[in-house]
Amino acid sequence: MYNHKRIEQKWQKYWLDNEIYKADNNSDKEKFYYLIEFPYPSGAGLHVGHVRSYTALDAVSRKKRMMGYNVLFPIGWDAFGSPAEQYAIKNHIHPSKAVTENVKEFKSQIQKLGILFDWSREFSTADKEYYKWTQWQFLKFFEHGMAYKAKKNINWCPVCKVGLSNEDSSGGVCERCGSKVVQKEKEQWMLKMSDYAEQLIEGLDKTEFQERTKTAQINWIGKSLGAEILFDIKDTTDKLKVFTTRPDTLFGVTFMVIAPEHPLIKKYEDKISNIKEVKDYQEFANSKTEFERTNLVKEKTGVKLQGITAINPINNTEIPVYISDYVMMSYGTGAIMAVPAHDERDYEFAKKFNIPIIEVLQQDENKKTDGAMTSDGLHINSGFLNGLNKEDAIKKMIEYLEANKIGNSKVNYKLQDWVFSRQRFWGEPIPLIHCDKCGWVAVPYDKLPVELPTVTEYVPTDDGESPLAKIDSFVNTTCPKCGAPAKRETDTMPNWAGSSWYWLRYMDPHNDKEFVGKDALNYWGMVDYYNGGMEHATRHLLYARFWHRFLYNIGLVPTEEPFKKRVSHGMILGENGEKMSKSKGNVVNPDDMVELYGADALRCYEMFIGDYEKEASWSEAGLRGCRKFLDRVDRLQEKVKDVNNYSPNLEIIINQTIKKVSYDLDNMKYNTAVSALMILLNKMEEQESITKKDYITFLTLLNPIAPHITEELNSKFNDIPICKSSWPEYDENKTKDKTISLAVSVNGKLRATIKVEADTSEEELKKLAFANENVKKFTLDKEIIKVIVVPNKIVNIVVK
RNA sequence: GCCUGUGUGAUGGAAUUGGUAGACGUGCUGGACUCAAAAUCCAGUGAUAGCAAUAUCGUGUGGGUCCGAGUCCCACCACAGGCACCA
């Protein structure tokens, strides 16, 4: 057993002293940019899940460096956020203090693992040198009309008197105090992300994300093709506009539904005879939280608008209008035409309110006895559409609508604008000032950053404003335009803001003139590999792509998309197969594992644990197995003879292993890379002796995964450390075995395996196959129909 | 409900993309070394039958294509993740 503590300390110091980790901004070499999602420095410290992804990218960046690339592999800290804020309120300290302590702990844990992040580029999103530029970029959005203020409902805990994120209010209950969350209307800053829906879909073509990531994003954006149709409102000059994906069913409309918040109600208050009932319903709908509205209540509710009647433009039929919360103001036009015969929701509503149902599509054979028929079918009761299928009927209807100016084709997206305000203090202040005369005015660029005050007492307000609103010295200022007294915006940016451009800052982290220098942007270009959790496949990744695309559109960055490849590591579960959590008592602390088995063994195990992209259960026995493997590598040094060639016995398998490990590391197949090295080790142990070159090559191949012990062993035979030498190359001609075990099957069933020389002719293989005793048993008195020969693989004899 | 994945020994997982299923690791069994244990080393380990050679079965289930299917096609079942009254 080697002493891992001594060896690991020694080499970690060597790498730091020699700045092996450093990326160079003025290099002639080809660049490669690896990125991990920067961690939130929580008090809980590093998780074995962090170790998995950090090791994976550390391994490939070590390999790429040996291959002569200028590798950028940076880290920073996503330091704003509510846990640090809670902690600060409770303990009356400034959150930056808690963050600093946690960062120190994280950093030391990471360094003990031998991960070579470029520490010269480290920063935190809460550094004012960084958030200055976050604010600067926000002002670019503001300047280009991409930021606006709007009333939005937020989740509100009436007991804690605080706005909650959807995550903190899941189940309709406040995560902290358990009381019922209600909706509260607040003015919020919004970014016009919905304008970018199409660009965010198209941009995916320029990336190499996995299919599952792409589809998650496409679903989230939710593009749908359809039409807008105008319905006259009887006895008025107004029209009611609806969006539908099935304009072909217009002849089947028997009622309409508008969202409870639809402006039409306010406008025709006087015409609506049951206005009291309507208003009660509006209030009822508004009191529901997002959770109740989407998850609990499936039974349709609603109220008919007495006195309001719409006219179907296709046949001038009078149509009743209802309000119901199954129609959302935020999607489409906030109004629908209901076709109960062919839409499940409309059907339920019609049943409940006894509304007639008109079928306009022929039923297929397997029609349901109860419910709407939503599949395709030939049109009936539909005038000029009769006999057409769905596709043709939609086309024809849209032509008709456009010709008669009662509608048009239309694309809609589910993607909404980004609510960019938080009523919190531990975030980037939004750099805007409100002046009674001039309205919202940007803080001048040369006055950035708008710094967070350094007080340590934060008093929550009663009305849901940010605690910053109580700090007069922060709030009161003068208007940059007219000089009159004015007030600062007290909302801060969401946690997603700082993480929406951090990969750009890594390219040029100390620039105090620009958010990133042009040369750095052009040199580093796109992130080549971006590793992160599947849980960020929609939100963070969409925000980041949106932000970057905006910067591109206004000419600040050279690429449309920020990330070329996205890879996601699977979660590491506890030994019992459940998610690690304190309450389940199955949390594994990486520090303990490093202490007991060493960083190399931990790294090696986490790479070997299974398919990198899939989740895997922790097994300490498996970790011990990897330590055993490294101990065997250590013991192998006793067999080394001072020879500078490969052993003849090992030459082929070494060439095969170089090829395999190179391919596997490039393709994130770490588990099979480790396995290939184990196979090679087994082979080497069988030998009487091995050569120096055999051993050094083996150590170099293992080095990206287990860097410390391999450097130590290498140093006994080689003056050049592995981190300064180059990645081994293989000779394709020497990767082919000389003898092959050939499978012989009869009617597809394996009957024998025979040893043959590589590239034996087909004729010869046939002969050898038929000569085998066991094969004879199955072929002798049978009729041979045909013989299939796949050279170097298999001979299959078909008999009758 | 829709979308995306995944189902392989006791167990984590391999399988060069249609060509010898179970590599490699863990666990287990037996043996060597030891007074004994640990560590280490050697052998075995999908199921059934057989002393054995070998045979039959076997990659969630049922069908299909093919000389040949874990891999391709159809139907279904289970689990995981994402979206969800989105018109």
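Residues numbered from 1 in each chain as written. Chains lettered and ligands numbered in written order. Predicted model: local features only at pLDDT ≥ 70, side-chain atom pairs only at ≥ 80, totals over all residues. Heavy atoms only, no water.

(A) The arrangement of the sheet that holds strand β25 (residues 749-757) in detail. The strand order β25-β24-β27-β26 describes an open sheet built from 4 strands, whose pairing is mixed. Each of the sheet's edge strands pairs with one partner strand only, and the pair in question is β25 and β26 (784-790). Put simply, the sheet's adjacent strands are angled 15 degrees from each other on average, direction ignored. In the packing of helix α25 (residues 762-771) onto the sheet, contacts are made with β24 (739-746), β25, β26 and β27 (794-799), and the angle to β26 comes to roughly 120 degrees. (Pairing = 2+ DSSP bridges. Helix = DSSP H or I, 4+ residues; strand = E, 2+ residues; numbered from the N terminus. Axes fitted to C-alpha atoms, helices over the stretch in contact; angles between N-to-C directions. Contact = heavy atoms within 4.5 Å.)

(B) Representation of the pairing of β25 in the model. Pairing analysis gives 8 bridges linking β24 to β25, with the strands arranged antiparallel. Residue pairing for β25: L742 is matched across the bridge by I754. Here β24 folds back onto β25, and the loop between the two strands holds 2 residues, one of which, N747, carries a positive phi near 50 degrees.

(C) Up close: the state of the cysteines. A full pass over the atoms with the stated rule returns 0 disulfides. No disulfide involves C723; its nearest neighbouring cysteine sulfur is the one of C604, lying 19 Å away. (Disulfide = S-S within 2.5 Å.)

(D) Representation of the packing of helix α20 (residues 620-635) against helix α22 (residues 670-686). Packing of α20 against α22 brings their axes to within 11 Å, and their N-to-C directions diverge by 40 degrees. With respect to their mutual orientation, α20 and α22 come out oblique. For α20 against α22, the interelement crossing comes out left-handed. Across the interface between the two elements, F629, R632 and V633 from α20 touch L677, M678, L681, N682 and E685 from α22. When grouped by side-chain class, the residues that make up the contact of α20 with α22 number 5 nonpolar, 1 polar and 2 charged. (Parallel < 35°, antiparallel > 145°, perpendicular 65-115°, else oblique. Left-handed = near helix turned anticlockwise from the far one by under 90°. Nonpolar A, V, L, I, M, F, W, Y, C, P; charged D, E, K, R; others polar.)

(E) Seen up close, the packing of helix α7 (residues 211-221) against helix α17 (residues 539-553). Viewed as axis vectors pointing N to C, α7 and α17 meet at an angle of 75 degrees, and their least axial separation amounts to 10 Å. When the axis of α7 is compared with that of α17, the two are roughly perpendicular. Within the contact between the two elements, α7 uses T213, Q217, W220 and I221 and α17 uses R539, L541, L542 and R545. Along the lines of polarity and charge, the residues of the contact of α7 with α17 split into 4 nonpolar, 2 polar and 2 charged.

(F) Expanded view of the layout of surface pockets. Estimated volume of the second largest pocket: approximately 390 Å³. Taken together, 17 residues line the second largest pocket, and the ones lying closest to its centre are S96, A126, D127, K128 and W426. Those elements giving two or more residues to the lining of the second largest pocket turn out to be α4 (95-112) and α5 (128-143). In terms of residue count, the dominant contributor to the lining of the second largest pocket is α4 (4 residues). Considering only residue class, the lining of the second largest pocket consists of 8 nonpolar, 5 polar and 4 charged. (1 Å grid on protein atoms, 1.4 Å probe; cavity = no way out; pocket = protein on both sides within 12 Å on 5 of 7 lines; lining within 4 Å. Points joined across faces, edges and corners; volume = space filled by probe spheres on them.)

(G) Region of the structure containing the pairing of strand β10 (residues 318-323). Judged from the 3 bridges that link them, strand β8 (residues 255-258) and β10 form a sheet pairing that is parallel. Of the residues in β10, the one forming a bridge with V257 is Y322. Count of turn residues in the strand β9 (residues 303-311)/β10 antiparallel hairpin: 6 residues, of which N316 carries a positive phi of about 60 degrees.

(H) Highlighting the sheet that holds strand β15 (residues 439-442). Strand order in the open sheet formed by 4 strands is β15-β14-β17-β16, with antiparallel pairing between adjacent strands. The open sheet is flanked by β15 and β16 (476-478), the only strands paired with a single partner. Looking at each pair of strands side by side, their axes are set apart by 45 degrees on average, direction ignored. Bridge count between strand β14 (residues 432-435) and β15: 4 bridges; the pairing is antiparallel. Paired with C435 across the strands is G439, a residue of β15.

(I) Up close: the nonpolar core. L504, F515, W618, F629 and F698 are the most contacted members of the largest nonpolar core, which totals 164 residues. For this core, the element with the highest residue contribution is α22, accounting for 9 residues. (Core = buried A, V, L, I, M, F, W, Y, C linked by side-chain atoms within 4.5 Å. Buried < 20%, exposed > 50% of the residue type's maximum accessible area, 1.4 Å probe, protein only.)

(J) Representation of the protein's contact with RNA strand B within the structure. Neighbouring RNA strand B are 50 residues; T245, K300, R345, S741 and N796 lie closest to it. In this structure, a phosphate oxygen belonging to RNA strand B sits 3.0 Å away from a side-chain N or O atom of R751. A distance of 3.2 Å is found between a phosphate oxygen of RNA strand B and a side-chain nitrogen or oxygen belonging to N774. Counting residues per element, the surface near RNA strand B draws most heavily on α22, which supplies 6 residues. The residue makeup of the surface near RNA strand B, split by class, is 19 nonpolar, 16 polar and 15 charged. (Near = heavy atom within 4 Å. Polar contact = N/O pair within 3.5 Å; in protein donor to acceptor, adjacent residues only side chain to side chain.)

(K) Region of interest: the confidence of the model for chain A. Taken as a whole, chain A shows an average pLDDT of 90; of its residues, 96% reach a score of 70 or greater. Helix α10 (residues 290-296) is the least confidently modelled element of chain A, averaging 61 in pLDDT, while helix α15 (residues 502-505) averages 98, the highest of any element. With a pTM of 0.92, the predicted complex shows an ipTM of 0.94. (pLDDT = per-residue confidence, 0-100.)

(L) Unusual backbone geometry, seen in detail. In this model, L448 is joined to P449 through a cis peptide bond whose omega is 0 degrees. In this structure, P449 sits in the loop between β15 and α13 (472-475). Notably, N381 is not glycine yet its phi reads approximately 50 degrees, a positive angle. Note on placement: N381 falls in the loop between α11 (344-353) and α12 (390-403). Here the phi dihedral of N747 falls at roughly 50 degrees; this positive angle occurs in a residue that is not glycine. Locating N747 in the fold gives a position in the loop between β24 and β25.

(M) Just a nonpolar patch on the surface, in detail. Taken together, the side chains of I788, V790 and I794 present a nonpolar region at the surface, about 190 Å² in accessible area. By the secondary structure assignment, I788 is in strand β26. You can call I788 partly exposed: its relative accessible area is 35%. (Patch = residues over 30% accessible without salt bridge, like charges linked within 9 Å, V, L, I, M, F, W, Y side chains within 5 Å. Areas by Shrake-Rupley, 256 points an atom, 1.4 Å probe, with all protein chains shown as cover. Salt bridge = Lys/Arg side-chain N within 4 Å of Asp/Glu carboxyl O.)

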